[in-house]
Amino acid sequence: MLGFLMLAWIVLHYFARLPEWWIIPAFLGYLLLSALICRAYVLGMIGNYYYAKRMPDKAKVFYKKAVDKNTRNVRAIYNYALDLLHTGQAEQALDLFKRAEIINTSVLFDKLIPLAKSSCYWVLGDIDLAIATLLDLKDRYTYLNPSTLTTLGYFYLLKGDFEKAEEQTNLAIKDNAFHAPAWDNLGQIEYRRGNFEKAEEHFEKALSIKDTMPESLYYLALIKKNKDKEKARELLEKAANGYISSLSTVTKQDIEKELKNL
């Protein structure tokens, strides 16, 4: 853009001998032409603006238009695909993540996209591919954030490999001791092992950091229901009223079933 202004000034002022104010309409014409030619990218940028302003519904409208026009705006594709993933449309989301991965040049999204793809594979029932995707990411980068390590730990938990699940989760906690999903991971690991006292400690730790986590609320209720039904009901009702997406490790149906059984 700066290059265009310099070129326009040289051409219009020195060669065409036009007044300097001609640069303004030339620049506006350049912006209009760019917007028309790169419409799909611009639509993605508008979606990103609304996303940053915490207006997801408006962002989604522009994201869909941009994606339908095959935008090359990686952030827009990623954000839109992530929304699809959270609403249970994992197959469509995976296609978009793959599209974004091909055109991506950012290190940030080089890490975020495989993490999102692994979650798609998990939702679609392929835990082995989900794990392989994150292990490949570990091979390529010396540092992965606590969210990625926690996710890998949870995938190992689903496979029944508690040692690897605990190892990856502890690495996440070592990096960030206030990462609530990691403490929830440890709670679920100990719950599956039958160590309910330890599990209870971990779930309470997770909830002390983020008291709306449906997974920790749910499993803590299961532990407490035989000794304090009222507390269990309170926890389950809070979980039922919280945000539950396709990436939550408990479902609304799980929670409602336990409430009926109390």
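Residues numbered from 1 in each chain as written. Predicted model: local features only at pLDDT ≥ 70, side-chain atom pairs only at ≥ 80, totals over all residues. Heavy atoms only, no water.

Asks: Before we move on, could you go through helix α5 (residues 74–86) and cite the residues and values that matter?
Replies: The end-to-end C-alpha distance of α5 is 18 Å, a good match for the 18 Å that 13 residues give at a rise of 1.5 Å each. Among the residues making up α5, those that are buried are Val-74, Ala-76, Ile-77, Tyr-78, Asn-79, Tyr-80, Ala-81, Leu-84 and Leu-85. Two residues or fewer past α5, Gly-88 is found with a positive phi of approximately 90 degrees. (Helix = DSSP H or I, 4+ residues; strand = E, 2+ residues; numbered from the N terminus. Expected span 1.5 Å × (residues − 1). Buried < 20%, exposed > 50% of the residue type's maximum accessible area, 1.4 Å probe, protein only.)

Asks: Can you explain the pattern of salt bridges? Please cite residues and give values.
Replies: Taken as a whole and assessed by the stated rule, the structure comprises 14 salt bridges. Among the ionic pairs, Lys-60 bridges to Asp-83, the shortest N-O distance being 3.4 Å. With a gap of 23 residues between them, Lys-60 in helix α4 (residues 56–68) and Asp-83 in helix α5 connect regions that are remote in the sequence. Lys-60 sits in the partly exposed class, given a relative accessible area of 32%. The partner of Lys-238 in a salt bridge is Asp-211, with the nearest N and O atoms 3.6 Å apart. Of this pair, Lys-238 sits in helix α14 (residues 229–240) while Asp-211 sits in the loop between α12 (196–209) and α13 (214–224); the two residues are 27 residues apart in sequence, bridging distant segments of the chain. (Salt bridge = Lys/Arg side-chain N within 4 Å of Asp/Glu carboxyl O.)

Asks: Give a detailed account of the packing of aromatic side chains, specifying residues and quantitative values.
Replies: In the structure shown here, the tally under the stated rule is 11 aromatic pairs. With a centroid separation of 6.3 Å and 50 degrees between ring planes, the pair formed by Tyr-51 and Tyr-63 is classed as tilted. Here the residue Tyr-51 occupies a position in helix α3 (residues 39–52), and Tyr-63 occupies one in helix α4, the gap between them amounting to 12 residues. The rings of Tyr-191, Phe-196, Phe-203, Tyr-218 and Tyr-219 are connected pair by pair, giving a single aromatic cluster. Lying across the ring of Phe-62, Lys-65 places its NZ or CZ 5.6 Å from the centre. The aromatic ring of Trp-183 is capped on one face by Lys-205, whose charged end is 5.6 Å from the ring centroid. (Phe/Tyr/Trp six-rings, centres within 6.5 Å; stacked < 30°, edge-to-face > 60°. Lys NZ or Arg CZ within 6 Å of the ring centre and 35° of its normal.)

Asks: Residue-level account of helix α15 (residues 252–261), with values.
Replies: When α15 is considered as a whole, its buried residues turn out to be Ile-255, Glu-258 and Leu-259. Buried residues of α15 fall within an arc of 105 degrees about the axis and therefore sit on the same side. In α15, those exposed residues whose orientation departs by more than 90 degrees from the buried face are Gln-253, Lys-257, Lys-260 and Asn-261. At its buried positions, α15 is contacted by α13 and α14. (Arc of directions from axis to C-beta. Contact = heavy atoms within 4.5 Å.)

Asks: So what's going on with the layout of surface pockets? Residues and values would help.
Replies: Taken as a whole, the largest pocket holds about 1200 Å³ of empty space. Listed by contribution, the elements that provide at least two residues to the lining of the largest pocket are α4, α5, α7 (107–123), α9 (146–159), α11 (180–193) and α13. Sort the elements by how many residues they give to the lining of the largest pocket and α5 lands first, with 7 residues. Residue composition of the lining of the largest pocket, by class: 19 nonpolar, 13 polar and 6 charged. Estimates place the volume of the second largest pocket at around 150 Å³. (1 Å grid on protein atoms, 1.4 Å probe; cavity = no way out; pocket = protein on both sides within 12 Å on 5 of 7 lines; lining within 4 Å. Points joined across faces, edges and corners; volume = space filled by probe spheres on them. Nonpolar A, V, L, I, M, F, W, Y, C, P; charged D, E, K, R; others polar.)

Asks: Quick rundown of the nonpolar core? Include the residues and the values.
Replies: Ala-93, Leu-96, Phe-97, Ile-113, Phe-155, Tyr-218 and Ile-255 are the most contacted members of the largest nonpolar core, which has 68 residues in total. Among the elements that line this core, the one with the most residues is α5, at 8 residues. The contacts of Leu-96, once residues within four sequence positions are left out, are Val-67, Ile-77, Tyr-80, Ala-81 and Leu-84. (Core = buried A, V, L, I, M, F, W, Y, C linked by side-chain atoms within 4.5 Å.)

Asks: Let's hear about the confidence of the model for the protein: which residues, and what values?
Replies: Where the model shows low pLDDT, its predicted coordinates should not be examined in detail. Per-residue confidence for the protein averages 87 on the pLDDT scale, and 85% of its residues sit at or above 70. Ranking the helices and strands of the protein by mean pLDDT puts helix α10 (residues 162–175) first, with 98, and helix α1 (residues 2–15) last, with 44. Confidence over residues 1–15 falls short of pLDDT 50; this stretch has 21 contacts with residues more than four positions distant or in other chains. (pLDDT = per-residue confidence, 0-100.)

Asks: Outline the side chain of Glu-200, listing residues and values.
Replies: Take Glu-200: it is sitting in helix α12. Of the polar contacts made by the side chain of Glu-200, one reaches the side chain of Lys-224; its length is 2.9 Å. Apart from the residues within four sequence positions on either side, Glu-200 is in contact with Leu-220, Ile-223, Lys-224 and Lys-227. (Polar contact = N/O pair within 3.5 Å; in protein donor to acceptor, adjacent residues only side chain to side chain.)

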